[in-house]
Amino acid sequence: MILSADAVKGIARAIGFDAVGIAPAALLSDEVNHLRAWVAAGKHAGMGYMARNMEVRENPERLVPGAHSVVVTLTNYYNSSRQAEGIPQIAMYARGKDYHLVIKERLHALLQQLRELAPGMEGRCFVDSAPVLEHAWARRAGLGWQGKHTLLIRKGLGSYCFIGVAVITAEMDAYDAPFTASYCGTCARCVEACPTGALSPGEVDARKCLSYQTIENKGDYPEELKRLAGGRIFGCDACQEACPWNKELAEHSVADFRPSPEAMNLTAADWQAMTPARFKALFRDTPLERTGLERLKRNLG
Ligand code: SF4
Ligand code: SF4
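Nothing here was measured: the structure is a model prediction, and the numbers come from that model.

Peer 1: Where do I start with the overall build of the protein in this structure?
Peer 2: Broken down by element type, the protein carries 14 helices and 12 strands. For a compact globule of 301 residues, the expected C-alpha radius of gyration is about 19 Å, and the protein comes in at 19 Å, within 12% of that figure. Oriented by its inertia axes, the alpha-carbon framework of the protein measures out at about 60 × 40 × 35 Å. Every one of the 301 residues in the protein was classed for burial, and the buried ones make up 51%. For the protein, the computed accessible surface area is about 13800 Å², with 50% contributed by carbon and sulfur atoms.

Right under this line is the structure:
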């Protein structure tokens, strides 16, 4: 079965995705070799899952037998409102409903409509899921380049985007060319802005990264890093805030990503006094729920 790439993209845009590209389901050998070197250097910190399933990451056929195409979507989550200075800070991506839930629902809607066009088509969708290299697929699908802060950048959308991936067995009548350029040039503002020195051009050392420490690290949070965190208790946007491609962006249009004003105005004292019941009421179905109240309190300066 061969689908029209224009038709697939039209459906994806109608569902609400801000950009869509389609890559052939080829091997990601170079990208996986780079990942292997990163893991071998220990830069994945405690994320043991990054060291597993390399063959699955490399070969989309291991995810969907008979895979022919990888449809990659971007969803803008940029929000120009800022939390007050001096209160505990939450990364922009985490201020509304959990993106896994929102993007997965949209990707399932996409798959459903593609199955109507191509009966018998098989497919699976992925959002920030361990066996899929989303950034690599986005670049392969022509959507942008990987900035020196390691995130995907697309002109006009910047890097405040969620990447969704659908691996499908249908072929396309046309594929996007991979994005081979980089528009970082001599800029290194993200590297200079990183509060902990976790970033070198194009590579992050998770052991020093505040996003890893505040969200993923279930063990001890080193005091010297906490001191550098500047009040960030869940994630860190410093490298994205510094990026010139993230200036003058359009606001996202996803109602589910709108934050609760109460949750965004919590002081350190509010966090210290927070009960599990209040935490649940304020943060149910947000990315903070998985990290949990106990670790968020640990993250307070
Ligand atoms: S998220 Fe923060 S700590 Fe991590 S690399 Fe970016 S600026 Fe550095
Ligand atoms: S801040 Fe500069 S170097 Fe870093 S990702 Fe943006 S453009 Fe590239």
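Peer 1: Just checking my understanding: could you explain the site of ligand 2 for this structure?
Peer 2: In the vicinity of ligand 2, the residues found are G147, K148, H149, I153, C184, C187, R189, C190, C243, P244 and W245. Class assignment for the residues of the shell around ligand 2 results in seven nonpolar, two polar and two charged.

Peer 1: Whenever I open this one, the side chain of T291 confuses me. Can you help?
Peer 2: Tracing the backbone through its elements, the reader meets T291 in helix α13 (residues 288–291). Setting aside anything within four residues of it in sequence, one finds T291 in contact with T214, I215, F234 and L296.

Peer 1: What am I meant to see in the site of ligand 1 here?
Peer 2: By nearness alone, every residue bordering ligand 1 is listed as C194, P195, T196, L199, V204, C209, L210, S211, C236, A238 and C239. Of all the secondary structure elements, the ones that give two or more residues to the shell around ligand 1 are α7 (210–216) and α9 (238–241).

Peer 1: How do you make sense of the sheet that holds strand β3 (residues 69–76) when you look at a structure like this?
Peer 2: In a beta sheet, neighbouring strands are held together by backbone hydrogen bonds and run either parallel or antiparallel to one another. Across the sheet, which stays open at both edges, the four strands sit in the order β2-β3-β8-β5 with antiparallel pairing between neighbours. Looking along the sheet, the strands with just one partner apiece sit at the ends: β2 (19–24) and β5 (123–127). Direction aside, neighbouring strands of the sheet carry axes that sit 20° apart on average. Two strands pair when backbone bridges link them, and β2 and β3 are joined in this way by six bridges, in the antiparallel orientation. Counterpart to P24 in the pairing with β3 is S69. Across the sheet, helix α1 (residues 5–15) is in contact with β2 and β3; its angle to β2 comes to roughly 145°. Helix α4 (residues 99–117) rests against β3, β5 and β8 (161–168) of the sheet, and its axis sits at about 160° to β5.

Peer 1: Please explain the packing of aromatic side chains as it appears in this structure.
Peer 2: Each pair of aromatic rings is reported with the distance of its centres and the angle of its planes. All told, the structure shown has 15 aromatic pairs when counted by the stated rule. Note on W271 and F283: the rings are 5.4 Å apart at their centroids and 20° apart in plane angle, and the pair reads as stacked. With a gap of 12 residues between them, W271 in helix α11 (residues 268–273) and F283 in helix α12 (residues 276–283) connect regions that are remote in the sequence. W271 gets classed as buried once you look at its relative accessible area, which sits at 1%. Both rings, one in F279 and one in F283, keep their centres 5.3 Å apart while their planes meet at 35°; by these two values the pair is tilted. Of this pair, F279 and F283 both sit in helix α12, separated by four residues, roughly a single helical turn. The burial state of F279 is the same as that of F283; both residues are buried.

Peer 1: Just to check I follow, could you spell out the pairing of β3 for this structure?
Peer 2: One face of the sheet, then the other: side chains in a regular strand alternate in exactly this way. With eight of its eight residues buried, β3 lies for the most part within the structure. Burial along β3 is two-sided: S69, V71, T73 and T75 and V70, V72, L74 and N76, pointing in opposite directions, are all buried. Judged from the eight bridges that link them, β3 and β8 form a sheet pairing that is antiparallel. Residue S69 lies in a different strand from β8, and its bridge partner there is I168.

Peer 1: How do you make sense of the environment of Y212 when you look at a structure like this?
Peer 2: With respect to the helices and strands, the residue Y212 is situated in helix α7. Overall, Y212 belongs to the buried group, its relative accessible area being 10%. Beyond its immediate stretch of four places on either side in the chain, Y212 contacts A45, G46, M47, A206 and N217.

Peer 1: What is the right way to look at the pattern of salt bridges in this model?
Peer 2: Pairing between side chains of opposite charge can happen when the charged atoms of each approach one another. One pass over the structure, following the stated rule, counts seven salt bridges. Residue R207 pairs with D205 through a salt bridge whose shortest N-O separation is 2.9 Å. Residue classification places R207 among the partly exposed positions, given a relative accessible area of 38%. Close ionic contact of K226 with E223 constitutes a salt bridge, the shortest N to O distance being 3.7 Å. Placement of both K226 and E223 in helix α8 (residues 223–228) is noted, with a separation of three residues, approximately one turn of the helix. Look at K226 and you get buried, because its relative accessible area is 16%. The class of E223 is partly exposed, set by a relative accessible area of 45%.

Cut-offs applied
- Residues numbered from 1 in each chain as written.
- Chains lettered and ligands numbered in written order.
- Predicted model: local features only at pLDDT ≥ 70, side-chain atom pairs only at ≥ 80, totals over all residues.
- Heavy atoms only, no water.
- Helix = DSSP H or I, 4+ residues; strand = E, 2+ residues; numbered from the N terminus.
- Rg over C-alpha atoms; globule rule 2.2 N^0.38 Å.
- Buried < 20%, exposed > 50% of the residue type's maximum accessible area, 1.4 Å probe, protein only.
- Areas by Shrake-Rupley, 256 points an atom, 1.4 Å probe, with all protein chains shown as cover.
- Near = heavy atom within 4 Å.
- Nonpolar A, V, L, I, M, F, W, Y, C, P; charged D, E, K, R; others polar.
- Contact = heavy atoms within 4.5 Å.
- Pairing = 2+ DSSP bridges.
- Axes fitted to C-alpha atoms, helices over the stretch in contact; angles between N-to-C directions.
- Phe/Tyr/Trp six-rings, centres within 6.5 Å; stacked < 30°, edge-to-face > 60°.
- Salt bridge = Lys/Arg side-chain N within 4 Å of Asp/Glu carboxyl O.

Keep in mind these numbers describe shape, not what the thing actually does.
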